[in-house]
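Working through the structure, step by step
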Amino acid sequence: MFALLQFYLSKRFATLRSRIAECTDARVNLVSQAVSGIRIVKMNNWEDEYGKRIADLRELESSRIRESNRLKALIEICFTVTTCIVPIMIFVVHILMGGILSPKIVFTTFTLSSVVQFSLVKYFPTCIVVSSCDGTIIYDV
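What you are looking at is a predicted structure, and each value in this text was computed from that prediction instead of being measured.

**Focus on the pattern of salt bridges**
- Applying the stated criterion across every chain yields a total of six salt bridges.
- Two residues, glutamate 47 and lysine 42, come together in a salt bridge whose shortest N-O distance is 3.6 Å.
- Take lysine 42: its relative accessible area is 52%, and that puts it in the exposed class.
- The residue glutamate 59 makes a salt bridge to arginine 66 at a minimum N-O spacing of 3.2 Å.
- Owing to a relative accessible area of 48%, glutamate 59 belongs among the partly exposed residues under this scheme.

Put into structure tokens, the structure is as follows:
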């Protein structure tokens, strides 16, 4: 269940990352145009109009970055929650099936579940994000 949620959140994050890159490109392009044509902008008194257009693009970009940060936080919450819930569920099932908890079982279960969870919950979303982006992450680096 958590893996499906991770998959959904990662795909959504990748899409959002691409949209952020588009907004950033549009804003940078507009600023570049304003700077290169500053004499024309000043001569025609277009400073306020360009300033408003740039501010609007920056606000759109900022809102998408905030949404992206919320998704990142949600992915981290899922990682933290699964780290606690999965071993507890394993122990409950073990006890309900008549097993007895011993330190050997507890430590082995924690170790194995943390290895599996770390690779599934931490690296899996990153792979999805990187594989579904169109090179924007590599470009940003």
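That shown, we press on.
**Some remarks on the nonpolar core**
- Judged by nonpolar contacts, Leu9, Phe13, Leu16, Ile20, Leu71, Ile75 and Cys78 together constitute the single largest core of seven residues.
- When residues of this core are traced back to their parent elements, those giving at least two are α1 (2-36) and α3 (47-96).
- Ranked by the residues each element gives to this core, the list is headed by α1, at four residues.

**Some points on a nonpolar patch on the surface**
- On the surface, Leu74, Ile77, Val81, Ile85 and Met89 cluster together to form a nonpolar patch covering roughly 400 Å² of accessible area.
- Of note, isoleucine 77 is situated in helix α3.

**So, the packing of aromatic side chains**
- In this structure the tally under the stated criterion is one aromatic pair.
- Ring centres of phenylalanine 91 and phenylalanine 110 lie 5.5 Å apart, and the angle between their planes is 70 degrees; on these two criteria the pair is classed as edge-to-face. Here phenylalanine 91, found in helix α3, pairs with phenylalanine 110, found in helix α4 (residues 103-132); they are 19 residues apart in sequence, far enough to count as distant.
- With a relative accessible area of 12%, phenylalanine 91 lands in the buried category.
- Taking NZ or CZ as reference, arginine 53 lies 5.4 Å from the ring centre of tyrosine 50, over its face.

**Quick notes on the environment of serine 114**
- Its place among the elements puts serine 114 in helix α4.
- Through-space distance from the C-alpha of serine 114 to that of proline 87 is 8.6 Å; in sequence the pair is 27 residues apart.

**Quick notes on unusual backbone geometry**
- A positive phi angle, near 60 degrees, is found at asparagine 45, a position not held by glycine.
- In this fold, asparagine 45 is placed in the loop between α2 (38-43) and α3.
- Look at asparagine 45 and you get exposed, because its relative accessible area is 59%.

**Quick notes on α3**
- With 50 residues, α3 extends 72 Å between its outermost C-alpha atoms, agreeing within 8% with the 74 Å of an ideal straight helix rising 1.5 Å per residue.
- At threonine 82, α3 is bent by approximately 30 degrees, the largest bend along its length.
- Taken residue by residue, α3 has Tyr50, Glu61, Ser62, Arg64, Ser68, Leu71, Ile75, Cys78, Phe79, Thr82, Pro87 and Phe91 as its buried positions.
- Glycine 98 sits one or two residues past α3 and shows a positive phi near 95 degrees.

The rules we used
Residues numbered from 1 in each chain as written. Predicted model: local features only at pLDDT ≥ 70, side-chain atom pairs only at ≥ 80, totals over all residues. Heavy atoms only, no water. Salt bridge = Lys/Arg side-chain N within 4 Å of Asp/Glu carboxyl O. Buried < 20%, exposed > 50% of the residue type's maximum accessible area, 1.4 Å probe, protein only. Core = buried A, V, L, I, M, F, W, Y, C linked by side-chain atoms within 4.5 Å. Helix = DSSP H or I, 4+ residues; strand = E, 2+ residues; numbered from the N terminus. Patch = residues over 30% accessible without salt bridge, like charges linked within 9 Å, V, L, I, M, F, W, Y side chains within 5 Å. Areas by Shrake-Rupley, 256 points an atom, 1.4 Å probe, with all protein chains shown as cover. Phe/Tyr/Trp six-rings, centres within 6.5 Å; stacked < 30°, edge-to-face > 60°. Lys NZ or Arg CZ within 6 Å of the ring centre and 35° of its normal. Expected span 1.5 Å × (residues − 1). Bend = angle between axes of the 7 residues up to and from the residue.

These results come straight from atomic positions and should not be treated as a statement about function.
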